[in-house]
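Single-letter residue listing:
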Amino acid sequence: AATIPLVSELAIDDIHFDDFSLDVDAMITAALRMFMELGMVQKFKIDYETLCRWLLTVRKNYRMVLYHNWRHAFNVCQLMFAMLTGASVGLLAGELIHHCGDLGLCSGPPSSPSSKGGSSSFPKMMWTAGFQEILTEVEILAVIVGCLCHDLDHRGTNNAFQAKSGSALAQLYGTSATLEHHHFNHAVMILQSEGHNIFANLSSKEYSDLMQLLKQSILATDLTLYFE
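Thresholds, definitions, all that
Residues numbered from 1 in each chain as written. Predicted model: local features only at pLDDT ≥ 70, side-chain atom pairs only at ≥ 80, totals over all residues. Heavy atoms only, no water. Helix = DSSP H or I, 4+ residues; strand = E, 2+ residues; numbered from the N terminus. Phe/Tyr/Trp six-rings, centres within 6.5 Å; stacked < 30°, edge-to-face > 60°. Buried < 20%, exposed > 50% of the residue type's maximum accessible area, 1.4 Å probe, protein only. Salt bridge = Lys/Arg side-chain N within 4 Å of Asp/Glu carboxyl O.

Novice: I would appreciate a short explanation of unusual backbone geometry in the present structure.
Specialist: Phi is mostly negative for residues that are not glycine, and the peptide bonds are mostly trans. The phi dihedral of Ala 11 is positive, around 60°, even though this residue is not glycine. Within the secondary structure, Ala 11 is located in the loop between α1 (7–10) and α2 (24–37).

Spelled out as structure tokens, the structure:
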């Protein structure tokens, strides 16, 4: 763990982080740094070797598709990390829209920070809130794991394609959030594989709460939810 670069060296606390500055292996070490920086390894007594193995397996279970790949998963996780740690950086509305569905954080246009209760016009600039001070530790662990797992085994096609083609996934999960259910089940499959249970030392209540939150966070990435 001592050889893992610091947050400042990786620049992963910056909302405008350039994810192409890291290669596929450096993204693994950066993900490790996020877990350590957020106190997840210490708080939940996550075995370091198990965490490394889990991250490598998660990466391996992303297909070589153009967009919904390991780099995309890491990119979403890095943005969540920056938001959790409260980077005081302006976020353009267009960028927020681009990532909102992937993070599963909003169900519609947020109101202006300056408005006092009302959903007025969509603001030009948004600011992160330092979510680490708002969320519980279990919630933080759930969203970080959710970000890394939210597109596992993505085939490069959308839910409409799954439904219209009558794919095996559509037959297995139905036509509502087909891929998102698959991503969650794939995440569970990895966690249940020997030597991959990073939640092994959680209490039964923590584990139950976390798995429910993990499922909610991954299912919330179905973009159709934001157009209903």
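Novice: Would you take a moment to explain the packing of aromatic side chains for this structure?
Specialist: Any two aromatic rings considered together are summarised by their centre-to-centre distance and by the angle between their planes. Evaluated as defined, the whole model comprises four aromatic pairs. Here Phe 17 and Phe 74 contribute two aromatic rings whose centre-to-centre distance is 6.3 Å and whose plane-to-plane angle is 65°, an arrangement assigned as edge-to-face. A residue pair is termed long-range when its members are at least 10 positions apart, and Phe 17 in the loop between α1 and α2 and Phe 74 in helix α5 (residues 70–84) qualify at 57 residues. The exposure class assigned to Phe 17 is buried, which follows from its relative accessible area of 9%. Exposure remark for Phe 74: the relative accessible area of 0% places this residue in the buried category.

Novice: It is not clear to me how the pattern of salt bridges should be interpreted in this structure. Could you clarify?
Specialist: When their charged atoms lie close together, side chains carrying opposite charge are able to pair. Scanning the model with the defined rule gives eight salt bridges in all. We note a salt bridge from Arg 59 to Asp 25, for which the minimum N-O separation is 2.9 Å. With Arg 59 in helix α4 (residues 48–60) and Asp 25 in helix α2, this residue pair connects regions lying 34 residues apart in the sequence. Residue classification places Arg 59 among the partly exposed residues on the basis of a relative accessible area of 21%. Salt-bridge contacts for Arg 53 lead to Glu 49; the nearest nitrogen and oxygen are separated by 2.8 Å. Taken as a pair, Arg 53 and Glu 49 lie in helix α4 at a separation of four residues, close to a single helical turn. Relative accessible area serves as the criterion here: at 28%, Arg 53 is assigned to the partly exposed category.

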